[in-house]
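The lines below spell out each chain.
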Amino acid sequence: KPVIIATGPLTSDKMATRLQEITHSDSLHFFDAIAPIVYTESVDMDKAWYQSRYDKGDGTDYLKCPLSKQEYNDFIDALLAGEKVQFHDWEKDTPYFEGCLPIEVMAERGRQTLLFGPMKPVGLSDPHENGRRPFAVVQLRKENKQGTLMNLVGFQTKLTYGAQKQIFRMIPALQNAEFARFGGIHRNTFVCGPKVLDEKLSLKGY
């Protein structure tokens, strides 16, 4: 009869070892992450505005928080110097998922990296500055239907909670932000479904 095994996001060492053997996988671990969430009412709307990049989609779903060149560089300095949560011994060999890197790791790859990632200002115009394109933008996205919560898109992080509160409030529109949840990084156990499962989601060869 079919057997269904449900385990995770972390599983026991014995289970992980056996899954790795029967799936012929090099590793079953990677880091996934969650971004911080702020209360919408705590965002300074005199410095932020709603707009979808390139005016696509529902413009009320995304809230833009701009930074000047100096504000951006100060923010990068703080990210690089900020206190991080240390990895446990059993986490140290686990790779990051490239599609979900911590914000500070992206900053470590170059000062301009975030300008081509989650803080890119392309396709945006600041109504508070006569429609000029800002140097950098932090994008907030609705976290619930009511729009009372917003998450900082791409701001998953290994910073401590205290550092997050201090550093993310350097973003002018978030200087008085109240956090409903701070960001974090967590290890996941997974199998690469397309490689090891058939069209019925059963292990190939069994």
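Here goes a summary of the coordinates provided.

Rules used in this analysis
Residues numbered from 1 in each chain as written. Predicted model: local features only at pLDDT ≥ 70, side-chain atom pairs only at ≥ 80, totals over all residues. Heavy atoms only, no water. Pairing = 2+ DSSP bridges. Helix = DSSP H or I, 4+ residues; strand = E, 2+ residues; numbered from the N terminus. Contact = heavy atoms within 4.5 Å. Axes fitted to C-alpha atoms, helices over the stretch in contact; angles between N-to-C directions. 1 Å grid on protein atoms, 1.4 Å probe; cavity = no way out; pocket = protein on both sides within 12 Å on 5 of 7 lines; lining within 4 Å. Points joined across faces, edges and corners; volume = space filled by probe spheres on them. Nonpolar A, V, L, I, M, F, W, Y, C, P; charged D, E, K, R; others polar. Buried < 20%, exposed > 50% of the residue type's maximum accessible area, 1.4 Å probe, protein only. Arc of directions from axis to C-beta.

One open sheet holds the six strands; their spatial order is β3-β4-β5-β6-β2-β7, and the pairing between them is antiparallel. Edge positions in the open sheet fall to β3 (49–50) and β7 (179–181), since each of these has one partner strand only. Relative to strand β4 (residues 62–67), β3 runs antiparallel, the two being bridged by two bridges. Within β4, the position partnered with Trp49 by the bridge is Lys64. Relative to the sheet, helix α2 (residues 69–81) contacts β4 and β5 (136–142), its axis offset from that of β4 by approximately 95°.

Here the focus is the layout of surface pockets. In this structure, the largest pocket encloses a volume near 560 Å³. Looking at the largest pocket, it is lined by 21 residues, and the ones nearest its centre are Val3, Ile5, Leu19, Leu197 and Leu203. Tallied by class, the residues present in the lining of the largest pocket amount to 15 nonpolar, five polar and one charged. Of the volumes computed, that of the second largest pocket is approximately 280 Å³. Class assignment of the residues belonging to the lining of the second largest pocket gives a composition of five nonpolar, two polar and seven charged.

Moving on, we come to the environment of Lys165. Here Lys165 is to be found in helix α4 (residues 161–168). In the structure, Lys165 is positioned 13 residues away from Glu178 in sequence and 8.7 Å away in space, judged by C-alpha atoms. Leaving out residues up to four positions away in the same chain, Lys165 has contacts with Phe179 and Phe182.

The set of residues buried in helix α1 (residues 13–23) consists of Ala16, Leu19, Ile22 and Thr23. Seen end-on, α1 carries its buried residues on one side only, within an arc spanning 135°. Set apart from the buried face of α1 by more than 90 degrees, the exposed residues are Asp13 and Lys14. Check the buried side of α1 and you find it contacts α5 (193–196). Among the residues trailing α1, His24 stands out with phi positive, at a value near 55°.

Our next topic: the pairing of β5. A large share of β5 lies buried, amounting to five of its seven residues. Summarising the sheet, β4 and β5 pair through six bridges and their orientation is antiparallel. Residue Cys65 lies in a different strand from β5, and its bridge partner there is Val138. The sheet contact formed by β5 and strand β6 (residues 149–152) spans three bridges and is antiparallel.

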